[in-house]
Amino acid sequence: MSSVDCGNGPAAGSKGYNYPHLSLPMIMKILVPIKRVVDFNVKVRVKADGSGVDTANVKMSMNPFDEIAIEEAVRLKEKGTATEVVAVTCGVAACQETLRTALALGADRAILVETDADLQPLAVAKLLQAIAQQEKPDLVILGKQAIDDDANQTGQMLAALLDWPQATFASKVDIGSGVATVKREVDGGLETIEMKLPAIVTTDLRLNEPRYATLPNIMKAKKKPLATTAPAALGVDVAPRLTTLEVVEPPKRKGGGKVADVKELVAKLRTEAKVIP
Ligand code: AMP
């Protein structure tokens, strides 16, 4: 939170993230990291050499959990809780398209950390740390996982690097004065936690239903600011720390069979599948 005088007393110390005098729920800036991934409708193909997934000539889209993150940030802005939503992505130049989608969905401006390097979650988290240190957001909302690597690591690593509290798998976010109250999806139910801002939230499916970008908003998005930087300019070494040994397709599904009656089914479960004694 920067020096904001909301009529409740003296302004908070500049970006000291001190909110003691604020009684109004106020968030000034939300950073939303988004990832360009193979569209969820595409059947992915593994490269012939087993080194990864083939992304050549494949439809790419915004990671679905990141659409939820953008939606949540935009809703907070529409409620008057946030004043600015900044979308950021790290990746190749074509990621600009994904940022334009974020702008069409309501983000105010975008940042591309451009690199052709193969980025692993730790590298992304370090880049986002550098961006967060420049932008000084009050809240960072990420997806809980990218549907391509299924890593579920970036938000947690970013929280550790920044030493900020985190609420992962959020299904509800409420902002109070200097705090966020978050309902988290946990095994067998919901956990409610409260954390001080600035903080990290990662989105789960039930947080909201993202809107579609309308044509007028797609047109407006073309004029919104999109800045480009690079890992070297942020002082971040993005060299991979993990080596992928092999990527293989999941085993082909074997054809099913029909049984005549329950007796035959039970017999097969006992003698063939061996799942009942
Ligand atoms: P992961 O840890 O890879 O499953 O990704 C979790 C979340 O981190 C995603 O939903 C995004 O919000 C963010 N993220 C991952 N990779 C990138 C990237 N290259 N650029 C920006 N944000 C990213």
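Everything in this summary refers to the structure shown in the same document. Since the model is a prediction, treat every value here as computed from it, not as a measurement.

### Concerning the overall build of the protein
Right, so step 1: Tallying secondary structure elements over the protein gives seven helices and eleven strands in all.
Right, so step 2: By residue count, 42% of the 277 residues in the protein fall in the buried class.
Right, so step 3: Sequence separation of 24 or more characterises 67% of the internal contacts of the protein that already satisfy a separation of 6 or more.
Right, so step 4: Carbon and sulfur atoms form 54% of the exposed surface of the protein, whose accessible area is close to 15200 Å².

### Focus: the site of the ligand
Right, so step 1: Around the ligand, 18 residues are found, and the nearest of them are P33, D66, A146, N152 and T154.
Right, so step 2: N63 is positioned such that a nitrogen or oxygen atom in its side chain is 3.0 Å from an oxygen atom of the ligand.
Right, so step 3: A distance of 2.8 Å is found between an oxygen atom of the ligand and a backbone nitrogen or oxygen belonging to N152.
Right, so step 4: Notes on the ligand: free accessible area 480 Å², of which the protein chains cover 98%.
Right, so step 5: Under a 2 Å grid-point criterion requiring more than half of the atoms, the pocket assigned to the ligand is the largest pocket.
Right, so step 6: Contributing elements (two or more residues each) for the shell around the ligand: β4 (84-91) and β6 (139-143).
Right, so step 7: Take the shell around the ligand: its biggest share by element is three residues, from β4.
Right, so step 8: Of the residues that constitute the shell around the ligand, the class distribution is eight nonpolar, seven polar and three charged.

### As for the sheet that holds strand β11 (residues 226-229)
Right, so step 1: Spatial ordering of the open sheet is given by β9-β8-β7-β10-β6-β1-β4-β5-β11, a layout of nine strands whose pairing is mixed. At either margin of the open sheet sits one strand with a lone partner, and together these are β9 (189-196) and β11. For this sheet, the mean angle separating the axes of adjacent strands, direction not counted, is 35°.
Right, so step 2: Taken together, the three bridges between strand β7 (residues 166-175) and strand β10 (residues 199-203) define a ladder with parallel strand orientation. Counterpart to A167 in the pairing with β10 is V201.
Right, so step 3: Here helix α1 (residues 64-78) sits on the sheet and contacts β1 (29-33), β4, β6, β7 and β10; the angle it forms with β6, its principal contact strand, is near 150°.
Right, so step 4: Contacting β1, β4, β5 (109-114), β6 and β11, helix α3 (residues 121-135) crosses the sheet at an angle of about 150° to β4.

### Re empty space enclosed by the protein
Right, so step 1: Tallying each qualifying case throughout the model produces one cavity of 30 Å³ or more.
Right, so step 2: As a volume, the largest cavity reaches approximately 40 Å³.
Right, so step 3: Lining the largest cavity, in full, are Q120, L122, A123, K126, D237, V238, A239, P240 and R241.
Right, so step 4: Taken together, the residues that form the lining of the largest cavity break down as five nonpolar, one polar and three charged.

### A word on the pattern of salt bridges
Right, so step 1: Per the stated rule, a full pass over the model turns up 17 salt bridges.
Right, so step 2: K35 serves as the salt-bridge partner of D148, at 3.1 Å between the closest nitrogen and oxygen. Highlighted residues: D148 in the loop between β6 and α4 (154-162) and K35 in the loop between β1 and β2 (36-38), separated in sequence by 113 residues.
Right, so step 3: With relative accessibility at 40%, the residue D148 sits in the partly exposed group.
Right, so step 4: Under the relative-accessibility criterion, K35 is labelled partly exposed at 28%.

Cut-offs and rules
- Residues numbered from 1 in each chain as written.
- Predicted model: local features only at pLDDT ≥ 70, side-chain atom pairs only at ≥ 80, totals over all residues.
- Heavy atoms only, no water.
- Helix = DSSP H or I, 4+ residues; strand = E, 2+ residues; numbered from the N terminus.
- Buried < 20%, exposed > 50% of the residue type's maximum accessible area, 1.4 Å probe, protein only.
- Contact = heavy atoms within 4.5 Å.
- Areas by Shrake-Rupley, 256 points an atom, 1.4 Å probe, with all protein chains shown as cover.
- Near = heavy atom within 4 Å.
- Polar contact = N/O pair within 3.5 Å; in protein donor to acceptor, adjacent residues only side chain to side chain.
- 1 Å grid on protein atoms, 1.4 Å probe; cavity = no way out; pocket = protein on both sides within 12 Å on 5 of 7 lines; lining within 4 Å.
- Sits in = over half its atoms within 2 Å of the grid points.
- Nonpolar A, V, L, I, M, F, W, Y, C, P; charged D, E, K, R; others polar.
- Pairing = 2+ DSSP bridges.
- Axes fitted to C-alpha atoms, helices over the stretch in contact; angles between N-to-C directions.
- Points joined across faces, edges and corners; volume = space filled by probe spheres on them.
- Salt bridge = Lys/Arg side-chain N within 4 Å of Asp/Glu carboxyl O.

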